[in-house]
Amino acid sequence: MRRAEITRKTKETNITVILNLDGSGVTDIDTGIGFFDHMLDAFGRHGFFDLTVKVRGDLEVDGHHTIEDTGIVLGQAIAQAVGDKKGICRYGSFILPMDEVLALAAVDLCGRASYVSNMTYTVPMIGNLETEMIKEFFLAVANNAAMNLHIRMIEPGNNHHMAEAAFKAFAKALDQATSYDERISDVLSTKGSL
């Protein structure tokens, strides 16, 4: 079972993430930011990852530390759970429609961090989540999972729909990238390592 449990405590946040890549989409999320909880729940369910996220952050300041630090810990959990990467597809991509919105996510579990996105929002907040923090979350995940992550908003629209489509597309792409392929006996790399 490809599972990780990571706890990170700082003066600003106390975070525990438990991730099972081979789960069924069971989630238990509590970050103190309702819309962020909704996005992480969607990520777990649509990627078929069992995911527990418990966060106590300095929300009296704002949501920045809570969201970015959760991305750090989730990225570390992905890296630990995926293990030596032998036999996995390595790459994943998914185009996801959500009403008028169309989002694309592409993942490469290559051991190098990169995050590229064209997502822009027309409102500063979705519920109690600052929209500018969505970029910081995905950047933290990509950096700490050592993955290439591209998210494109092919057809923009409602801000809630765009954010949710991005999280779901990422989940589907990551599920594909972490899936096993019986034709891959080692790691999928010309270098022989990832």
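I will try to describe carefully the structure that is included in this document. Being a predicted model, the structure only gives us computed values, none of them experimental.

What about the state of the cysteines?
Joining two cysteines, a disulfide is a covalent bond between their sulfur atoms. What the rule picks out here adds up to zero disulfides. Not part of a disulfide, Cys89 finds its nearest cysteine sulfur in Cys110, a span of 15 Å.

Remarks on helix H3 (residues 132-145)
Owing to its 3.6 residues per turn, the α-helix brings residues three or four apart onto one side. If you check H3, its first and last C-alpha atoms are 21 Å apart, about what 14 residues at 1.5 Å a residue would give, namely 20 Å. Within H3, burial applies to Met133, Ile134, Phe137, Phe138, Ala140, Val141, Ala142 and Ala145. Tucked inside the fold, the buried residues of H3 contact helix H1 (34-47), helix H2 (64-82), strand E7 (114-117), strand E9 (129-130), strand E10 (148-155) and helix H4 (159-178). Remark: Ala146 follows H3 within two positions and exhibits a positive phi of approximately 55°.

Remarks on the sheet that holds E7
Taken together, the four strands give an open sheet; going across it, the order is E5-E6-E10-E7, and neighbouring strands pair in mixed fashion. Here the strands that pair on one side only, and so sit at the sheet edges, are strand E5 (91-98) and E7. In this sheet, adjacent strand axes meet at a mean angle of 10° when their direction is disregarded. Sheet topology note: the E7/E10 ladder contains four bridges and is parallel. Among the inter-strand pairings, Ser114 is bridged to a residue of E10, identified as Asn148. With respect to the sheet, H3 is in contact with E7 and E10, its orientation differing from that of E7 by roughly 150°.

Describing the environment of Glu164
By secondary structure assignment, the location of Glu164 is in helix H4. Residue classification places Glu164 among the buried residues on the basis of a relative accessible area of 6%. Each C-alpha atom of the pair Glu164 and Leu40 lies 9.5 Å from the other, and the pair is 124 residues apart in sequence. Those residues in contact with Glu164 that sit more than four places away from it in its chain are His38, Met39 and Met98. A polar side-chain atom of Glu164 sits 2.9 Å from a polar atom in the side chain of Lys168.

Regarding the pattern of salt bridges
Taken as a whole and judged by the stated rule, the model has nine salt bridges. Residue Glu5 is joined to Arg3 by a salt bridge in which the shortest nitrogen-to-oxygen separation is 3.8 Å. Its relative accessible area of 43% is what places Arg3 among the partly exposed residues. When the shortest N-O distance is used, the salt bridge between Arg56 and Asp30 registers 2.8 Å. Of this pair, Arg56 sits in strand E4 (residues 50-57) while Asp30 is found in strand E3 (residues 27-30), placing the two residues 26 residues apart along the sequence. Accessibility expressed as a relative area gives 53% for Arg56, which makes it exposed.

Regarding the environment of Asn148
Checked against the element boundaries, Asn148 lands in strand E10. Taking the C-alpha atoms as reference points, Asn148 and Ala105, separated by 43 residues in sequence, lie 10 Å from one another. Here Asn148 is in contact with Ala106, Val107, Asp108, Cys110, Arg112, Ala113 and Ser114, once residues within four sequence places are set aside. Within polar-contact distance, the side chain of Asn148 engages the backbone oxygen of Arg112 at 3.0 Å.

A word on the nonpolar core
Counting 59 residues, the largest nonpolar core has Phe138, Met147 and Phe170 as its most contacted members. Broken down by element, this core gets its largest block of residues, eleven residues, from H4. Once residues within four sequence positions are removed from consideration, Phe170 is found in contact with Phe43, Ala105, Val107, Phe138, Val141, Met147 and Leu149.

Rules used throughout
- Residues numbered from 1 in each chain as written.
- Predicted model: local features only at pLDDT ≥ 70, side-chain atom pairs only at ≥ 80, totals over all residues.
- Heavy atoms only, no water.
- Disulfide = S-S within 2.5 Å.
- Helix = DSSP H or I, 4+ residues; strand = E, 2+ residues; numbered from the N terminus.
- Expected span 1.5 Å × (residues − 1).
- Buried < 20%, exposed > 50% of the residue type's maximum accessible area, 1.4 Å probe, protein only.
- Contact = heavy atoms within 4.5 Å.
- Pairing = 2+ DSSP bridges.
- Axes fitted to C-alpha atoms, helices over the stretch in contact; angles between N-to-C directions.
- Polar contact = N/O pair within 3.5 Å; in protein donor to acceptor, adjacent residues only side chain to side chain.
- Salt bridge = Lys/Arg side-chain N within 4 Å of Asp/Glu carboxyl O.
- Core = buried A, V, L, I, M, F, W, Y, C linked by side-chain atoms within 4.5 Å.

Without other data, these values stay purely geometric and don't point to any function.
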